[in-house]
Amino acid sequence: MTENLERISTIVRTQEILRKHDFTFKKKFGQNFLTDANILRKIVTAADITGANVLEIGPGIGSLTEYLLGDAAEVMAFEIDGTLVPILRETLAPYPNFQLVHADILKIALADYVKKFKNPELPLKVVANLPYYITTPILMHLIESGVPFAAFVVMMQKEVAERIAARPNTKVYGALSIAVQYYMTVELAFNVPRTVFVPAPRVDSAILKMTRLAQPAVAVSDDVWFFHVVKVAFAHRRKTLLNNFQLAFGAENKEKLLSALTEAEIEPVRRAESLTLQEFARLSDALLPLK
Ligand code: SAM
């Protein structure tokens, strides 16, 4: 940070920057900028990025980026809003370890970009205050990119964080919890009140820390089929597993479904929300003949 400048995230400096560039917030891009030094420090501490490369999604005017740049080896940030590009070029000018990419994160091949870090062999983490309207697509895009991210430390709507971190036999446990927990350990780091953003969002937020497992949490013969079985099992939350499977695979397959459930040692009257990842793994392998 340049010594005589206040941090970007202070209310005074944020307002100065917005005014100077005549910036108007775009709701469609989920723009809520952080203005709380305490929260920003807590995010950077939770992310533990010393000696790591960081990928940020949606730097905004650079509030979080500035804190990341202080600790990380390098930060590469992807911003969709072209009107923020000249602002970021100015606010983050003092940092030689910053790379800005003007792009929609969902439309780029991440593997091509991560090669452009000066030291691509360093551990790579994603740290971001995510645009809430596309949190889940972004997470799935990151996970499915094949890029070996060591961790994601990201802010999102509190309810979404709770769904991702959920355990079996809770109301919010579902296909999303399983999709993420298959690849990562998930930890709810801390909650963030809506008052620390400009403008304040209509929901509360949380920081979720997800750390990549050396191998998937459970072993399955076919992971695409595993995710399909999970999706089908949760299609109607109140229906039993057998009912959901009959709807998906056809009532004429009832006997085959019952024997797969028996093979996996799962009662047909159970509901998807009661199954652990291990049980889903057994079940998806037992259901393979129906593929
Ligand atoms: N990081 C800043 C902060 O904490 O103050 C801004 C966070 S704001 C919640 C989300 C940011 O993501 C905005 O700057 C928005 O323009 C950007 N954004 C929204 N959709 C995006 C997309 N598909 N790809 C890249 N950036 C996106």
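Just so you know, these numbers come straight off a predicted model, no measurement behind them.

Regarding the pattern of salt bridges
Inference 1: Taken as a whole and assessed by the stated rule, the structure comprises 9 salt bridges.
Inference 2: The closest approach of N and O atoms between Lys 291 and Asp 222, which form a salt bridge, is 2.6 Å. With Lys 291 in the segment after helix H12 (277–286) and Asp 222 in the loop between strand S9 (205–212) and helix H9 (223–233), this residue pair connects regions lying 69 residues apart in the sequence.

Quick word on the site of the ligand
Inference 1: Surrounding the ligand, one finds 24 residues, the nearest of these being Leu 34, Gly 58, Glu 79, Asp 104 and Asn 129.
Inference 2: Within the backbone of Leu 34, one N or O atom sits 2.8 Å away from an oxygen atom of the ligand.
Inference 3: Glu 79 places a side-chain nitrogen or oxygen 2.6 Å from an oxygen atom of the ligand.
Inference 4: Where the shell around the ligand is concerned, the elements lending two or more residues are strand S1 (33–34) and strand S3 (74–79).

Digging into the domain arrangement of the protein
How big an interface is tends to be reported as the loss of accessible area on association of its parts.
Inference 1: Domain boundaries in the protein define domain 1 (11–212) and domain 2 (223–290).
Inference 2: Between the C-alpha centres of domain 1 and domain 2 the distance comes to 35 Å.
Inference 3: If you look at the interface, domain 1 gives 12 residues, while domain 2 gives 13 residues.
Inference 4: Carbon and sulfur atoms supply 67% of the area that domain 1 and domain 2 bury against each other, a total of about 1000 Å² over both sides.
Inference 5: Ranking the residues of domain 1 by area buried against domain 2 places Tyr 173, Ile 178 and Tyr 182 at the top, with a combined share of 51%.
Inference 6: For the pair domain 1 and domain 2, the interface holds 0 salt bridges.
Inference 7: When grouped by side-chain class, the residues that make up the side of domain 1 that touches domain 2 number 7 nonpolar, 4 polar and 1 charged.

Observations concerning the sheet that holds strand S4 (residues 98–102)
Inference 1: Ordered by their spatial adjacency, 7 strands build an open sheet running S4-S3-S2-S5-S6-S9-S7, and the pairing between neighbours is mixed. Edge positions in the sheet fall to S4 and strand S7 (184–192), since each of these pairs with one other strand and no more. Here the average twist between neighbouring strands, direction ignored, is 20°.
Inference 2: Judged from the 8 bridges that link them, S7 and S9 form a sheet pairing that is antiparallel. The residue of S9 that forms the bridge with Thr 185 is Thr 211.
Inference 3: Along the sheet, helix H7 (residues 158–165) makes contact with strand S6 (151–157), S7 and S9, crossing S6 at roughly 135°.

A look at the packing of helix H2 (residues 37–47) against helix H3 (residues 63–71)
Inference 1: Contact geometry of H2 with H3 gives a least axis separation of 10 Å together with a crossing angle of 45°. With respect to H3, the element H2 is oriented oblique. Classified by chirality, the crossing of H3 by H2 is right-handed. Counting all contacts with H2, which are made through Ala 37, Leu 40, Arg 41, Ile 43 and Val 44, the residues of H3 involved are Ser 63, Leu 64, Tyr 67, Leu 68 and Asp 71.
Inference 2: For the contact of H2 with H3, a count of residues per class yields 7 nonpolar, 1 polar and 2 charged.

Section: unusual backbone geometry
For residues other than glycine, phi is negative in most cases, and the peptide bonds are mostly trans.
Inference 1: That bond from Val 198 to Pro 199 is cis: its omega, -15°, falls within 30 degrees of zero.
Inference 2: Along the polypeptide, Pro 199 turns up in the loop between strand S8 (197–198) and S9.
Inference 3: The backbone of Asp 22 sits at a positive phi, close to 50°, despite the residue not being glycine.
Inference 4: Of note, Asp 22 is situated in the loop between helix H1 (11–20) and S1.

A short note on the environment of Ile 8
Inference 1: Mapped onto the elements, Ile 8 comes out in the segment before H1.
Inference 2: Once the C-alpha coordinates of Ile 8 and Lys 27 are considered, the two residues, 19 residues apart in sequence, prove to be 21 Å apart.
Inference 3: In contact with Ile 8, not counting residues within four places along its chain, are Arg 13, Thr 14, Ile 17, Ile 61, Gly 62, Ser 63, Glu 66, Thr 91 and Leu 92.

Basis of the calculations
- Residues numbered from 1 in each chain as written.
- Predicted model: local features only at pLDDT ≥ 70, side-chain atom pairs only at ≥ 80, totals over all residues.
- Heavy atoms only, no water.
- Salt bridge = Lys/Arg side-chain N within 4 Å of Asp/Glu carboxyl O.
- Helix = DSSP H or I, 4+ residues; strand = E, 2+ residues; numbered from the N terminus.
- Near = heavy atom within 4 Å.
- Polar contact = N/O pair within 3.5 Å; in protein donor to acceptor, adjacent residues only side chain to side chain.
- Domains from an automatic or database assignment.
- Contact = heavy atoms within 4.5 Å.
- Buried area = accessible area lost by both parts, 1.4 Å probe.
- Nonpolar A, V, L, I, M, F, W, Y, C, P; charged D, E, K, R; others polar.
- Pairing = 2+ DSSP bridges.
- Axes fitted to C-alpha atoms, helices over the stretch in contact; angles between N-to-C directions.
- Parallel < 35°, antiparallel > 145°, perpendicular 65-115°, else oblique.
- Left-handed = near helix turned anticlockwise from the far one by under 90°.

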